[in-house]
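Topology and contacts: notes
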Amino acid sequence: YNNCIWANTAGCQLVNIENDQFDKAFDALVNLFGPPNDDREAWMTRRIVGKGDTARYFTLEWHTLKDDADRSAGVYMSVRDNTAEQQTYKQEFYNATHDTLTGIYTKEYLYEMIHKTILENQNEDYIVVFVDVKNFKIVNDIFGTDFGDYAIKCIAAWISTDVSDNCIYGRLAA
């Protein structure tokens, strides 16, 4: 397989080689993505490079070319940077699962995460805490909705800051 006859610009840039150094591209891309796991003529894999906000998402496609005698003549490799798509997906997922005012889980996602946690840890004991600010409508009526929203954000921030990392919390009413 190690006769690379073409690698696209994104692949060459990813591994810091010149566009015409395909022999180096093969080794560098295989080092980053790993070798193909079987003898298929076409193969694809994904890799995340970096972590957190600097993470970049790539897809490598690898195609084997055959000669007239049906022997492997080499491979061409194509790398695609999917970072923008992944960031958009993550933002959309966050928007769908987090309350727009407070940034904590929505009621639906809170229930889903509680259910998942209980299923994965059935032998654990749990404590459920429900915080209900009685007559909160009076706060909005007297001080206005801007202040009411501020108060709800402060409560959510207090919970987010003061509970342990293994706690699940969200907003039940919007």
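Provided above is the structure to which this section pertains.
In this report, we go over the structure that sits alongside the text. Treat the numbers as computed from the prediction; the structure is a model and nothing was measured.

A full pass over the atoms with the stated rule returns seven aromatic pairs. Here Phe26 and Trp62 contribute two aromatic rings whose centre-to-centre distance is 5.4 Å and whose plane-to-plane angle is 50°, an arrangement assigned as tilted. Here Trp62 lies in strand S3 (residues 56-66) and Phe26 lies in helix H2 (residues 22-33), a separation of 36 residues in the sequence. Take Phe26: its relative accessible area is 8%, and that puts it in the buried class. Judged by centre distance (4.8 Å) and plane angle (90°), the ring pair of Tyr105 and Tyr109 falls under edge-to-face. Ring pairs connect the aromatic residues Tyr89, Phe93, Tyr105 and Tyr109, which therefore count as one cluster.

Next up on the list: the side chain of Asp99. With respect to the element layout, Asp99 can be found in the loop between helix H3 (83-97) and helix H4 (107-120). Overall, the relative accessible area of 11% leaves Asp99 in the buried class. Among the polar contacts made by the side chain of Asp99, one reaches the main-chain amide nitrogen of Leu101 at a distance of 3.3 Å. Beyond its immediate chain neighbours, meaning those up to four positions away, Asp99 contacts Ile104, Tyr105, Thr106 and Arg171.

Thresholds applied
Residues numbered from 1 in each chain as written. Predicted model: local features only at pLDDT ≥ 70, side-chain atom pairs only at ≥ 80, totals over all residues. Heavy atoms only, no water. Phe/Tyr/Trp six-rings, centres within 6.5 Å; stacked < 30°, edge-to-face > 60°. Helix = DSSP H or I, 4+ residues; strand = E, 2+ residues; numbered from the N terminus. Buried < 20%, exposed > 50% of the residue type's maximum accessible area, 1.4 Å probe, protein only. Polar contact = N/O pair within 3.5 Å; in protein donor to acceptor, adjacent residues only side chain to side chain. Contact = heavy atoms within 4.5 Å.

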